[in-house]
Amino acid sequence: MSDNTNILTLAISNPVKPGKLLDRTKAINWNILEDQKDLDVWNRAWENFWLPEKVPLSNDKPSWATLKEHERRTTIRVFTGLTLLDTIHATIGAPSLAEDAQTPHEAHVFNQFAAMESVHARSYSSIFSTLCLTPEVDDAYRWSEENPNLQMKAKLIVSLYDGADDMKRKIAGVFLESFLFYSGFFLPLYWSSRGKNTNSADLIRLIIRDESIHGMYTGYKFQRKWKTLGAERQEELRQFAYEMLYKLYENELKYTDDLYSEMGLVEDVKAFLHLNANKALFNLGFEPMFPKEMLNVNPTIMASLFPGSDENHDFFSGSGSSYVIATKELTTDEDWAIKPRNPLDGLPILQIA
Amino acid sequence: MQLDKKTPHYLDLNAELNLPGPDGRIRFEKDHEAAKQYFLQDVNKNTVFFHNLREKIDYLIENKYWDPKTFEMYAFEDIKELFKRAYGVKFRFSSFMGAFKYYTSYTLKTFDGERYLERFEDRVCITALYLAQGDLQLATDIVDEMMSTRYQPATPTFLSAGKAQRGEMVSCFLLRMEDNMESIGRSINSALQLSKRGGGVAFNLTNLREEGAPIKHVENQCSGVQPIMKMFEDAFSYADQLGQRQGAGAAYLSIHHFDIETFLDTKRENADEKIRIKTLSLGVIVTDAAYHAMEAGDDVYQFSAYDIERVYGIPMGDLDITKHYQELINNPNIKKKRINGRVLLQTVGEIQPESGYPYIMNIDTVNRANPNPGWIGMSNLCTEILQTSTPSVFNEDGSYKVIGHDISCNLGSQNVVSMMKNAPNIGKSVEIATRALTSVSDMTSIESVPSIREGNKADHAIGLGVMNLAGFFGIEEMVYGDLESLDFTDLYFMTINYWSLKASCKIARERGVTYADFPRSKYASGEYFDYYTSREWGPRTEKVLELVKKYNWTIPSREDWIALAEEVKTYGLYNKYRLATAPTGSISYVNHSTSSAHPIAERIEVRKEGKTGRKYYPAPGLTNENAKFFPTAYETGPYAIIDVYAAATPHVDQGMSLTIFLEAPITTREVNQMQIYAWKRGIKTIYYLRVKQEALEGTEVETFGKSPAECEACAV
């Protein structure tokens, strides 16, 4: 592994109990892998490391000022909702998933996820402190504590994280990262497609870049263990997953209504929920719940979703969401010994008849 | 989104361009439909209607939208004819993005920003009338050049020309900074003033004394370049051009400056908030001495700027460090330190993938190619401007004791595809573009920064560049970076250079004026022309030979160059610098060109800007059939780009913005290898590093919403 992680491991501030396979105080050896996926995801996760400070959020100030009062209020509420979910995942979710690790490396990957979830939670505060006034923010936090539907989904997820069933914990993790976040992600993507708050959207895209990996990896670990289980237990989990998802979905509909009715976006967000619910099931290896007709997501949002970094930004107004950490490697004598020539040199000139 | 379901919103249609159809083909028709719906749903409804041109002109002058001076120099009948001529072209935007970009960023709007007052044709005519300054023939020629999309002035000119409320038409400023508080203070003031008037400002920090240097002979007093960068960053974000364009700045520093490591660390992902620089662009000036040290595996020395100024009597930024390198190392009066050269370059290679910065300026390559007397110490915000400058001296009250010469540049670009369609008249197109750019220089006098004003007065520097080079390759089925494409690039840029010299010489002859330094230049001595008069010129591949015939393109011969050298010697040149290839972001969307001389970024580019948001743009010239001749910059890789730029560079007196595109995962060594190659191929500057990362397997969007057949299709 590259040594660029050395400077960055400091970012892990979360005290995590060592995974069950590690409690014989055995040093982790990344040269012996039980599952190649652990290393692939670890590498990608660190390559994608970022901090909110690099995004020039203050460039959003002029467009923030053009939002109507209810649009601002909705936007802040969306971000407080996301902050709550990230807080849960950073402090309870990812650490508990680390404890269930099936390989020693898996625990370390989840530790990285936990650290990034803390970064995400921190990012929303950066948006607040840059764009909003304190009373507005306080108001939104109060709203997030009092909104029954937001509290409901938090409770449901926390109860699974705290439960005795490691597979249900994974289901909860995938639902959180692949489904529940997206009702919130919708709005910044919507603003960005309308030329507003594009730097906040950069930040959200960085978060989506992370969450798509977290959801995929958690689901992958679920599927890996699933294969080893008996048919009865498999069926129990499958049923549980669909029931839980439906419960969350019903709650999410109410939450969407609370949040988006003022802006008239409820129907668009619903289609988006269906799409992400299907994605969460896909990550767990299950069949989709919603038929294609219900996945009519607005194309501007759909086209913003690609987790690859394809956005070609202009450097004058933003920092982009595509930068990565490179692996350090010194140049060698051979690199310096090259003697490139102009391929046209020495070719004869053709006569123009 | 809230529209009725029958007519899709133009933004939705545009986004569908990024979602391939069921047969896997790119749905270009969705973008055409988006452009059409944009006009129906937005532009037509929101454009103020006038019965005739007279009414329109009167209204817009009376209400302080158009500058009356634009019209006073012409007879109304002539103006009317000109508008007729422009409208007669029946111009249509070729993409949604082009139309959207034009209407959001360029066209004149009512003061409340709600309604449009100009169409594209109006903006072109106003620009032509304004720049031609009463010369009806020139105004007509400019209209023809612009309506045919052969020529497109840079954003500040196209945005501002002829408007009553406007910023400056010059886009680009480069300021020296000397090692004293008067100069630093003056620079902050200049940053605010120039930023307010548009475009970007670059500073060279190399002259400034390092962290820990003495102040009034007391050691360890100076806090170095970083706090100054912070001040500039704040100044730029405060001032913008009437909210139309954000202020932007760049800071350059020599690799031999003591503070180079701190300078680079400001862009690190984990930089402390106190030292982090978010929006200021950074550029590192690299000498041959430094490269040679790295080549040998040695350390690269950093010298005290404070000591250099005391020992040599000139600021560090003006010193040819390569020439004096050993001497500097051996001089005990110059404080120095050293860093392993390859490690230092590795640091550059670490920060670029994280942030896109720093730019690189190969200062010795630049100065060897400089046709004018003096030293080029820095570049600008887009790394295409390379000119000499001289220092100002200030009194204690901040006033000028000596007004030095600082650099400004106004830019414009020619579309290679449109130019080649009219190849027999390339000379005329270059002349009209040169005259349009020269007008901007003549009409500009930046009073708030006297050193810029004086520099422009003496130099009349302009920068004519190209765009749509990759578009031409695609249409003519040449592969970017292949031998044929290099052959074409070499001859095309040579042709442009020839006609540019011819035009600048013609202007000097008409006016009996040359730029101030002309008598001491390599043009006057004839040395500049040796490169052209010592060899024969012509195509070296069958493909380019075929293009020469197909387009009836006359390539200037050795004899033409010999005659031109004589002409220039006799009459001089009006413009001290003439050519520069800008990155052409916004204007290439409006002009429907691939940007600059780069390959396309993506076949369907996802473009995000502060003002327009996230939009989708099909590569100009691309069809579902010719996709293999439109490789993306990530597919061609950096070496093809460097080769194309290396073919053009000998014919460009200033620079070219060369962006490097790399696909993650990246090692610093890959980045460095590419920099070594660029240096050895004679590249003058390197602009941004852009990074693309493919989605990790299992996280792609396609895998949960569509059938596997469609996934395949996305790989087009």
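Residues numbered from 1 in each chain as written. Chains lettered and ligands numbered in written order. Predicted model: local features only at pLDDT ≥ 70, side-chain atom pairs only at ≥ 80, totals over all residues.

1. Some words on the overall build of chain B
Per the secondary structure count, chain B includes 31 helices and 17 strands. For chain B, whose C-alpha radius of gyration is 26 Å, the value lies close to the compact-globule estimate of 27 Å for 716 residues. Overall, chain B is about 80 × 65 × 55 Å in size when its C-alpha atoms are taken along their principal axes. Relative to its full complement of 716 residues, chain B shows a buried share of 58%. Expressed as a percentage of contacts within chain B between residues at least 6 apart in sequence, the contacts between residues at least 24 apart total 78%. (Helix = DSSP H or I, 4+ residues; strand = E, 2+ residues; numbered from the N terminus. Rg over C-alpha atoms; globule rule 2.2 N^0.38 Å. Buried ≥ 20, exposed ≤ 12 C-beta atoms within 10 Å, placed from the backbone. Contact = placed C-beta atoms within 7 Å.)

2. Points about the overall build of chain A
Scanning chain A for helices and strands turns up 14 helices and one strand. Expressed as a percentage of its 353 residues, the buried residues of chain A come to 52%. Of all intrachain contacts in chain A linking residues separated by at least 6 positions in sequence, the fraction that spans at least 24 positions is 81%.

3. Quick look at unusual backbone geometry
Residues and elements named next belong to chain B. Here the amide bond leading from Tyr357 into Pro358 is cis, since omega sits at 0 degrees, within 30 degrees of zero. Inspection of the secondary structure assignment puts Pro358 in the loop between α16 (341-355) and β8 (359-362). Each neighbour pair has its own omega, and for Ala664 with Pro665 the value is 0 degrees, a cis peptide bond. On the secondary structure map, Pro665 appears in the loop between β15 (660-663) and α29 (668-680). Of note, Lys64 is a non-glycine position whose phi angle comes to about 60 degrees, a positive value. For Lys64, the position within the fold is in the loop between α3 (53-62) and α4 (69-72). Owing to 12 C-beta atoms within 10 Å, Lys64 belongs among the exposed residues under this scheme. The phi dihedral of Gln133 falls on the positive side, at around 50 degrees, and the residue is not glycine. Note on placement: Gln133 falls in the loop between α7 (120-132) and α8 (136-147).

4. Topic: the nonpolar core
With 299 residues, the main nonpolar core has Phe175 of chain A together with Ala128, Val143, Ala251, Tyr252 and Tyr645 of chain B as its most contacted residues. Of all the elements, helix α22 (residues 483-511) of chain B adds the most residues to this core, at 13 residues. Setting aside its immediate chain neighbours within four residues, Ala251 of chain B contacts Phe203, Leu205, Met229, Phe232, Leu280 and Leu282 of chain B. (Core = buried A, V, L, I, M, F, W, Y, C linked by C-beta atoms within 7 Å.)

5. What about the packing of α7 of chain B against α8 of chain B?
Residues and elements named next belong to chain B. The contact between α7 and α8 brings their axes to 8 Å, and the two run at 145 degrees. Both α7 and α8 take part in a crossing whose hand is right-handed. Counting all contacts with α7, which are made through Val124, Cys125, Ala128, Leu129, Leu131 and Ala132, the residues of α8 involved are Leu138, Ala139, Ile142, Val143, Met146 and Met147. A class-by-class count of the residues in the contact of α7 with α8 yields 12 nonpolar, no polar and no charged. (Axes fitted to C-alpha atoms, helices over the stretch in contact; angles between N-to-C directions. Left-handed = near helix turned anticlockwise from the far one by under 90°. Nonpolar A, V, L, I, M, F, W, Y, C, P; charged D, E, K, R; others polar.)

6. Examining the pairing of strand β6 (residues 299-303) of chain B
It is a general feature of regular strands that their side chains alternate between the two faces of the sheet. Residue and element names in this part refer to chain B. For β6, the tally of buried residues reaches four of five residues, placing the bulk of the element in the interior. Bridge analysis of β6 against strand β7 (residues 336-340) gives five bridges, and the strand direction is antiparallel. Its bridge partner being in β7, Tyr301 is matched across the sheet by Arg338. (Pairing = 2+ DSSP bridges.)

7. As for the environment of Gly98 of chain B
All names here are of chain B. Relative to the assigned elements, Gly98 resides in helix α6 (residues 96-106). By the C-beta count within 10 Å, which is 23 here, Gly98 ends up buried. Sequence spacing of Gly98 and Val590 is 492 residues, and the spatial spacing of their C-alpha atoms is 4.1 Å. Among all residues touching Gly98, those that are not within four sequence positions of it are Phe93, Tyr589, Val590 and His592.

8. Quick notes on helix α26 (residues 558-571) of chain B
Relative to the 20 Å expected for 14 residues at 1.5 Å per residue, α26 of chain B spans 20 Å between its end C-alpha atoms, a close match to the ideal helical length. Following α26 of chain B by one or two positions, Gly572 of chain B has its phi on the positive side, about 80 degrees. (Expected span 1.5 Å × (residues − 1).)

9. Re the environment of Asp643 of chain B
All names here are of chain B. Tracing the sequence through the fold places Asp643 in helix α28 (residues 633-648). With 24 C-beta atoms packed within 10 Å, Asp643 lands in the buried category. For the pair Asp643 and Glu602, spaced 41 residues apart in sequence, the C-alpha to C-alpha distance is 20 Å. When residues no more than four places from it in sequence are discounted, the contact partners of Asp643 are Gly481 and Leu486.

10. Notes on the confidence of the model for chain A
Atom-level detail of predicted coordinates should not be read off regions where pLDDT is low. Of all residues in chain A, 87% have pLDDT values of 70 or greater, and the mean over the chain is 82. For chain A, helix α1 (residues 4-8) of chain A is the element with the lowest average pLDDT, namely 34, and helix α14 (residues 333-337) of chain A is the one with the highest, namely 96. (pLDDT = per-residue confidence, 0-100.)

11. Comments concerning α29 of chain B
Residues and elements named next belong to chain B. Between its terminal C-alpha atoms α29 stretches 18 Å, which fits the 18 Å expected from 13 residues at 1.5 Å a residue. Counting buried residues in α29 gives 10 out of 13 residues, a clear majority hidden from the surface. Here α29 has its buried residues at Thr668, Arg669, Glu670, Val671, Asn672, Gln673, Met674, Gln675, Ala678 and Trp679.

12. A look at the environment of Gln234 of chain A
Following the sequence through the fold, Gln234 of chain A ends up in helix α11 (residues 231-260). Other than its neighbours up to four places away in sequence, Gln234 of chain A contacts Trp226 and Leu229 of chain A.

13. As for the confidence of the model for chain B
All names here are of chain B. Model confidence for chain B is summarised by a mean pLDDT of 91, while 94% of its residues fall at 70 or above. The low-confidence segment residues 701-716, where pLDDT is below 50, has 23 contacts with residues more than four positions distant or belonging to other chains. With pTM at 0.82, the complex prediction returns an ipTM value of 0.90.

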